[in-house]
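Chain by chain, the residues:
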Amino acid sequence: QVQLVESGGGLVQAGGSLRLSCAASRSIFSINTMDWYRQAPGKQREFIATITSGGSSNYADSVKGRFTISRDNAKNTVYLQMMSLKPEDTAVYYCHGRLHMTYADVVNNRYLELWGQGTLVTVSS
């Protein structure tokens, strides 16, 4: 079955940048909304950013102005460009998406809701 696969995490110094990617593991019809969340040690998972199928985006205040979410519908991929990273950005980052497997799913507003496996971002001071 289809999965969301993340990549791009790693270790970076404060002030640096990373670009995370999340893509469907196989061909699907389309993806509606795609989102990014993160979970820091000892904390609950928190919302970071979302992007609709039409390209409208929204961000958490903690990352607004520093992170940019984007998508490539042809590749069924969502990206998170992270700039000016801070130690407090250290967390496991998860992508989330509502996948339409067929056109019929789009018409009927049915989707497969999936989470990526998570990718660790560590920002050193």
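Reference entry: report on the structure contained in this document.

Rules behind the numbers
Residues numbered from 1 in each chain as written. Predicted model: local features only at pLDDT ≥ 70, side-chain atom pairs only at ≥ 80, totals over all residues. Heavy atoms only, no water. Helix = DSSP H or I, 4+ residues; strand = E, 2+ residues; numbered from the N terminus. Contact = heavy atoms within 4.5 Å. Salt bridge = Lys/Arg side-chain N within 4 Å of Asp/Glu carboxyl O. Buried < 20%, exposed > 50% of the residue type's maximum accessible area, 1.4 Å probe, protein only. Polar contact = N/O pair within 3.5 Å; in protein donor to acceptor, adjacent residues only side chain to side chain. Disulfide = S-S within 2.5 Å.

What follows is about the environment of G8. Within the secondary structure, G8 sits in the loop between strand 1 (4–7) and strand 2 (10–13). Distance from G8 to T119, taken between C-alpha atoms, is 7.3 Å for residues 111 residues apart in sequence. Not counting residues within four places of it along the chain, the set of residues in contact with G8 comprises L18, R19, L20 and T119.

Let us look at the pattern of salt bridges. Using the criterion set out here, one finds four salt bridges in the structure. The partner of E46 in a salt bridge is R38, and the shortest N-O contact between them spans 2.8 Å. Overall, the relative accessible area of 5% leaves R38 in the buried class. R66 is the salt-bridge partner of D89, the closest N and O atoms lying 2.7 Å from each other. Note that D89 is positioned in the loop between strand 8 (77–82) and strand 9 (91–100) and R66 in the loop between strand 6 (57–59) and strand 7 (67–72), a separation of 23 residues in sequence. Judged on exposure class, the residue D89 and its partner R66 are both buried.

Relative to the elements of secondary structure, T77 occurs in strand 8. Owing to a relative accessible area of 7%, T77 belongs among the buried residues under this scheme. A polar side-chain atom of T77 sits 2.9 Å from the main-chain carbonyl oxygen of K75. Not counting residues within four places of it along the chain, the set of residues in contact with T77 comprises C22, A23, M34, S70, R71 and D72.

Inspection of every chain in the model, using the stated rule, returns one disulfide. A sulfur-sulfur distance of 1.8 Å marks the disulfide that ties C22 to C95. Across the disulfide from C22 to C95, rotation about the S-S bond amounts to roughly 45 degrees, and the bridge is consequently right-handed. With C22 in strand 3 (residues 18–24) and C95 in strand 9, the pair connects residues that are 73 residues apart, well separated along the chain. In this structure C22 comes out as buried when scored by relative accessible area, which is 0%.

Time to look at unusual backbone geometry. In most cases, non-glycine residues show a negative phi, while peptide bonds are predominantly trans. The phi dihedral of N76 falls on the positive side, at around 50 degrees, and the residue is not glycine. Tracing the sequence through the fold places N76 in the loop between strand 7 and strand 8. Its identity is not glycine, yet N109 carries a phi of approximately 55 degrees, on the positive side. Counting through the fold element by element, N109 comes out in the loop between helix 1 (103–107) and strand 10 (112–115).

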